[in-house]
Structure formats: structure tokens, C-alpha cells
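Each chain is listed here by its residues.
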Amino acid sequence: MEDDDGQDYVDKSRVLNVQPLRCLAPIFPSTPSFPSFPHPQAASPFMCPPPAGHFPPGFASFYPFSGYPDSHNMQTPMPFGFNGSIPAVPINSFRSGANGDAGSSGRSSRNPGPSQYEEEDGYSDWVHVNEGEDSSKAATKKKRIPKRVRAGSGQDINVASSDVDVDAMVDKIVESFNLMDFDAFKRADGDKDSVGYIRMIYDLLRRKLSQIEDSKESAPGVTRRPDLRAGTILMNKGIRTNVKKRIGVVPGVEVGDIFFFRMEMCLVGLHAPIMAGIDYMGLKVSQDEEPVAVSIVSSGGYEDNSEDADVLVYSGQGGNINNKGMEITDQKLERGNLALEKSLHRGNEVRVIRGVKDIANPTGKIYVYDGLYKIQESWVDKGKSGCNVFKYKLVRLSGQPEAYTVWKSVQQWKDGSTGRVGVISHDLTSGAESIPVSLVNDVDDEKGPSNFTYYPGLKYLKPVNSNESSTGCGCHGGCLAGNSSCPCIQRNGGNLPYTTNGVLVSQKPLIHECGSSCLCPPSCKNRVCQSGLKIRLEVFKTKDKGWGLRSWDPIRSGAFICEYAGEVIDITSAEELRCVNDDDYIFDATRTNQSGEGFLNASNETLKIPFPLIINAKHAGNVARFMNHSCSPNVFWQPVLRENSKECDLHIVFYAYRHIPPMTELTYSYGVVPPDRADQRRKKCLCGSAKCLGYFY
């Protein structure tokens, strides 16, 4: 059809007047398991808004009426730690179209290429997770038969291979987080603590599963998905929060929060579909029910326009727009597209999650929750393929904290298109680090820390003898996770302490890294904290706490940040400095972590310090000396011993204990002094945390 100007357009009113199907009634009894995504042998999915009214006794909403199968549709939330028959939430094989449209799971007659189905977080879009098995029942199985299915890219995907009792491992993690104290209300409606716990549990489990898989020999053509497996295990156990779909704010999720996997957003109720870009729910209007959008993910992989930080032009789903080798067709005003159109007319708020490129992982994405938007207008446009594509203009609501705007600003600083306000020095380190560290003050006229020399390592004023002889390893090509004969791996309990991408799996009493006694190269996976800074840091002037430290880059949970550099002094020298109140830049490893710190330690083991290490960074040190104390820190420290046959080469290394967005101040807990020094003068704490004790030492 053409308008007066001869331009093609779509008469959307014809579609909008179509009422949802109301004549179908549920005919299948409910089962203890959730329905899955479209069956692998199904020709095509059928999805529509759920029928209105109550279901007869013994019956429940079932697929396809429940839309995206998900436990959001549960009417009675189950408490954390429930060990009964928790319905499984399987993730069957399916593929995505434009903006993650969940399409038919039927196998295409075409043979797609390796990149045809590329998921936003860097994995193949065709996945298959062990279905329908209650993990509590599987606890008696010490070994599971590896389950492999063919992937759409011609690869096998191994999602359940493990010789480890994963259920026992999960139970141990859950027990360490005291989740039995969580009630059904927090499962239905979360808060900041519950969301934080769920995310940390998920990431800890995912890293441990990655560690298990890393120790095995990789089979040709096999893609492992520890992210999906970890999420499915937690869903099966009911370990999630905000299970009810809702319009607007999600309790406990803050604007600016970042996610490295789609499954993370699902577990905390921010965005339910694991692949689809549009999440929607049925809203009853009079006697009818219509779909409305609750959240969207703009991944940057489609024809979205996100140049303006406060305006997003979002492309609709469907039409096989991003599926190579498949016929491109016009998009239809149905499912997510129809939900967005309804939201335009209703004026309801829509959560927007922006996908940005993960610099550390070229094939991956980082998801930034950018807050609430409203759809301002919609239209149909010709896509790059020549077919019709629905477009929706969303405008960000005012008064919200900055999120995606911060990312845009940092990118402009990096490429030099705009200058950083308040810069005193573009590189505080004077070249001592491979990555420059900016010194910024936009608060007052102070020009920087005085009487300070940047030094990136430790200065031992006198050698410290090692209590244990260390022969080092002979891994000329680098330590391999599956090499049980490697002495460095043996000292770490039989596993490398880091995943393949250099993320710390969990806190340990003591980490043994390769050192001067080892024959492995600097690129060895067991030398993570020895090559200097890996992220762009900034020392900045705070309003009331002196100088502080933050990062231009997003930091992943468990990622290495820096070590504490300076001069190693003895206890006597440290006491002398304390007596004259000159201990602001002293790190004392004899202090214990405050309650609430160390969330990555599922074993609850105490730290092991080979000798009482005390570091003075007042006159010489690195960026770590600028990290302030917080009673709710986002960074933790870990003792790391580098193998050295001549002397004890001990270091204090800092890691992120949760995902940290760019330009967020980095803080750690200064700890608790030993009982014999408890009478020391306390210092007033200005961390501003809801859990602030009011003081620190």
C-alpha cells in the first residue's frame, strides 16, 4: 500500500484491532516441571497472551499461553534453600532473529556458518542444557554422563560433563551465603542485598564450573556453557529473586549496574528471556488482555541507533534480519513488536539495557542497565535488506543516575574527542606502568599528593627467608589446568586458581603463583598479577575523603586490579608510626577481614600469611595507596606467594568481588586489628554505606 507521496507504509491499525485468542482452554494438567522453550522437533513456536480467567482445579497456565516459559509465572514463590520438587527451567535449542527474537527451534535445512547464530555475550546461540532433572534428586549421582547435542554452527555443546558432585558444591556455596535466612517474600520481591547475593552466588558457581571444564581436555568442536549451566542449576533450586514480572523498577537492581551474562539479568528479574531482546507480559484491560513491554536489550548488533545517550531508536524483532543464510522477510506486528506498540499507547515505562563491547573479550558484550524509558513514537522503515523493519523511539526519563552516558564519556576521553575535566597529570606513574593513570581534581585547588614517588612493586629492606623450599615448575609452555604433575598446581589444591581469562575463581587462604623459580613464560596463566595494570585507573580527589581510586574500564567480578606496593617494614617500625598517628598509608596483613567481606570464599577458610607482612606506602607506592576504606567494599585483598627458591616472595593483591561499573570508586575494608591492639584510636568512617560502622582503624 502507498500513501499520497508514493511511499510504502504498513496500516498498523488492521493488526492492532485483532483480539487475542480467547477460545482456547487449558487441557493439560500441570506438571512439576516448567514447560520448556519450543521443542527441538516442533515446526514453529506458537505464542500468544495467556487466556483470561482462573484455571480449573489441577490445571495451570501452560506453554504456549505462558509466553516465554519462565518461573516468573509462578503464583506461589518458593523459599530459598527449598529442597523439594523445584520445577526445572530447561533451556532447549533455539535460535534468535533480530534483537534476539526467539524463533523456531526446528532444524533448518540450510547449514548455517559458524557465525550465523552468535549470542551477544560471545557464545553460540544454539544451546542445550540438561532438561527436566531436579538437581536435588541428582545429588546422589556422583558422576553424570556427558550430554552433547549438535549446535547450529556445526559444533557440539557440552553442558553437563563433570566428574565432580556439582550439587554438593552448590549446596556448600548456598550454605556459606546463609540463604536459608531468605524468605519467600525476598524471592518474590528482592532488595539490594538479595540481588547482590544471587549475583555473587551465580558468578562463583559459574567460575567454579569453568575451572572444572578448564581442567579437562577440550573435545574438538565442543562449546561449553558454564554460564547457562550455572543459571539453570540455581533456577532448579529456586535460588533467584524478583520472580514476578513487573513494569518499572526492579527492587534491588540499580541504574548503572552491569552484567556480563544474560543469565544474570534473568536470575534477578531484570530481563527474563535469555536470548530475546524484548520482554513482555500480559496486562488485563477490561475483559481482554494485551501484551505490554517491560524491558528491552539493545545489543548493538542490529539496526538500533544509540548515538544519543538519552534517546534510543530500537529495531523490532522477527524477519530473520540477522540470520545469515535465511530469507529476509518483513517484520510483523506481533509478540514483542505488538507489546512495544501497546506500550506506546499506554505510556508505560520500559527498562532499557544497553549492550556494549567488552574490550577484554572481543566477541563478548557487557550489559548496562540504563534505567527507565518511555516509547515516544513508532514507524515502519526499510531495513538494510530492503524489508520492512519496525522502529521505536524511546526517550530516557529525567532524574535518573547516569549510566550509559558515563560509558560514552569514557570512550570520548580515550579516543581524545573530548578532554577530561580537572586533569592534573595524564600519567601519575611517569611511565612506571604500561597503562597510564590519570590524576584528576575537579573539587578544589590541590595539585596532587605531596612527597610521594610512584613505585609499582615491593621494596624488601631486608630479605625474608622462606619457610618452605620451592623448586618451581618446569612448564616451559605455561602451566596447564589439567596438568596434575605441575608442582604449582599441586600447591593450589590441584587446580589453577584462575580461569582461562584470568579471573580468580574464589578466595583462598594463600594463592601460589609461578615465580622466579619456575621455567614457565610471563604469559603463563598462573602469573596473572605479575604483568602490571590491565585496566585504566584514575586517582581523583573526593569531596570529603581525600584522594580516591576509580577505573575508566568496567571491572569483572574476580578480576585482578592491582597489588599493594611500597616498603616492607617490621612490626616495631609500624608501631612507632602508629604512636605518632602516621599510619595512613600502612597496609597490615595481620588484620582480619571485617564481617561481610570475603564473599568469594565459599570454604570460609581464613587467610594464611607466611609472615607478618606490613607495607608502608607513604613515600613510595602505587595506586593501591589511594584506595579508601568502606564498610561495604567492592574490592578484597588476597595474599599471593610467588615461587622463589631463595626468599619469601609474598604480595598483597586486590581483586574485584563484584562487577564494578566505570567511574565507581574502588574501596576495600581496612580490616580489624588484633585484640592486643584493640585500644588503638579509631578513625571516623565516611564511606556512606548503609552498613557503615561509623569508624575504622
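Criteria and thresholds
Residues numbered from 1 in each chain as written. Predicted model: local features only at pLDDT ≥ 70, side-chain atom pairs only at ≥ 80, totals over all residues. Heavy atoms only, no water. Helix = DSSP H or I, 4+ residues; strand = E, 2+ residues; numbered from the N terminus. Buried < 20%, exposed > 50% of the residue type's maximum accessible area, 1.4 Å probe, protein only. Contact = heavy atoms within 4.5 Å. Areas by Shrake-Rupley, 256 points an atom, 1.4 Å probe, with all protein chains shown as cover. Disulfide = S-S within 2.5 Å. Pairing = 2+ DSSP bridges. Axes fitted to C-alpha atoms, helices over the stretch in contact; angles between N-to-C directions. Phe/Tyr/Trp six-rings, centres within 6.5 Å; stacked < 30°, edge-to-face > 60°. Core = buried A, V, L, I, M, F, W, Y, C linked by side-chain atoms within 4.5 Å. Domains from an automatic or database assignment. Left-handed = near helix turned anticlockwise from the far one by under 90°. Nonpolar A, V, L, I, M, F, W, Y, C, P; charged D, E, K, R; others polar.

An unreviewed UniProt entry annotates the protein chain as Histone-lysine N-methyltransferase, H3 lysine-9 specific SUVH1-like of Gossypium armourianum.

### Description of the overall build of the protein chain
Along the backbone of the protein chain there are 10 helices and 28 strands. Looking at the protein chain as a whole, 56% of its 697 residues are labelled buried. A separation threshold of at least 6 residues defines the contact pool for the protein chain, and within that pool the share at least 24 residues apart is 72%. Accessible surface, the protein chain: about 30200 Å² in total, of which carbon and sulfur atoms supply 50%.

### Thoughts on the state of the cysteines
Taken as a whole and judged by the stated rule, the model has 0 disulfides. Distance from the sulfur of C692, which forms no disulfide, to the nearest cysteine sulfur (C685) is 3.6 Å.

### What to know about the sheet that holds strand β14 (residues 458–460)
Strands sit in the order β14-β19-β21-β20 across an open sheet of 4 strands; the sheet is mixed. Each edge of the open sheet is held by one strand with a lone partner, namely β14 and β20 (586–588). Direction aside, the axes of adjacent strands within the sheet are offset by 30 degrees on average. Direction of pairing for β14 relative to strand β19 (residues 566–569): parallel, over a ladder of 3 bridges. Its bridge partner lying in β19, Y460 is registered against V568. Contacts from helix α10 (residues 571–579) reach β19, β20 and β21 (614–616) within the one sheet, and its direction differs from that of β19 by about 110 degrees.

### Brief notes about the packing of aromatic side chains
What the rule picks out here adds up to 15 aromatic pairs. Relative to Y655, the ring of Y498 lies with its centre 6.4 Å away and its plane at 40 degrees, an arrangement referred to as tilted. Here Y655 lies in strand β25 (residues 649–656) and Y498 lies in the loop between α9 (487–491) and β15 (511–513), a separation of 157 residues in the sequence. You'll find Y498 and Y655 in the same group, each marked buried. Taking 6.2 Å as the distance between ring centres and 40 degrees as the angle between the ring planes, the aromatic pair formed by F587 and Y668 counts as tilted. You can see F587 sitting in strand β20 and its partner Y668 sitting in strand β26 (residues 667–668), a full 81 residues away along the chain. Here F587 and Y668 have matching classes, each one buried.

### Considering the pairing of β25
Most of β25 sits out of view: 8 of its 8 residues are buried. The alternating pattern of β25 places D649, H651, V653 and Y655 and L650, I652, F654 and A656 on opposite faces, both of which are buried. Linking strand β24 (residues 635–642) back to β25 in an antiparallel pair, the connection comprises 6 residues.

### Things to note about the pairing of strand β10 (residues 388–396)
Walk down a regular strand and you will see the side chains alternate between the two sheet faces. β10 sits mainly inside the fold: 7 of its 9 residues count as buried. Sheet topology places strand β7 (residues 311–315) next to β10; 5 bridges connect them, and they run antiparallel. Looking across to β10, one finds that L312 is bridged to L394. Direction of pairing for strand β9 (residues 365–382) relative to β10: antiparallel, over a ladder of 9 bridges. The residue bridging Y373 from the neighbouring strand is R396, located in β10. Two successive antiparallel strands, β9 and β10, enclose a turn made up of 5 residues, where G386 displays a positive phi of approximately 95 degrees.

### Concerning the nonpolar core
Formed by 44 residues in total, the largest nonpolar core has its most connected members in L205, L209, L234, V253, F259, M263 and L270. Mapped by element, the contributors of at least two residues to this core are α2 (166–176), α4 (192–214), α5 (226–236), β4 (258–259), α6 (262–267), β8 (350–357), β9 and α8 (404–415). Of all the elements, α4 adds the most residues to this core, at 8 residues. Of the domains in this structure, domain 1 (164–244) and domain 2 (247–418) are the two that each give at least three residues to this core. The contacts of L205, once residues within four sequence positions are left out, are M169, V170, I173, A230, I233 and L234. Core analysis: the second largest hydrophobic core is formed by 41 residues, Y454, L537, L549 and F611 among them.

### What about the packing of α2 against α4?
Two elements in contact, α2 and α4, have axes whose closest approach is 11 Å; the angle formed by their N-to-C orientations is 145 degrees. Considering how the two elements wind past one another, α2 and α4 form a crossing that is right-handed. Contacts between α2 and α4 involve V166, M169, V170 and I173 from the former and I201, L204, L205, K208, L209 and I212 from the latter. Residue classes in the contact of α2 with α4 are distributed as 9 nonpolar, no polar and 1 charged.

### Considerations on the sheet that holds strand β16 (residues 537–541)
Taken in spatial order, the 4 strands line up as β11-β12-β16-β17 in an open sheet, and their pairing is mixed. Only two strands of the sheet have a single neighbouring strand rather than two, namely β11 (423–425) and β17 (547–551). Taking the axes of each pair of neighbouring strands and ignoring which way they run, one obtains an average angle of 30 degrees across the sheet. With 3 bridges connecting them, strand β12 (residues 438–440) and β16 associate as parallel partners. Residue pairing in the sheet places V440 in a bridge with F540 of β16.

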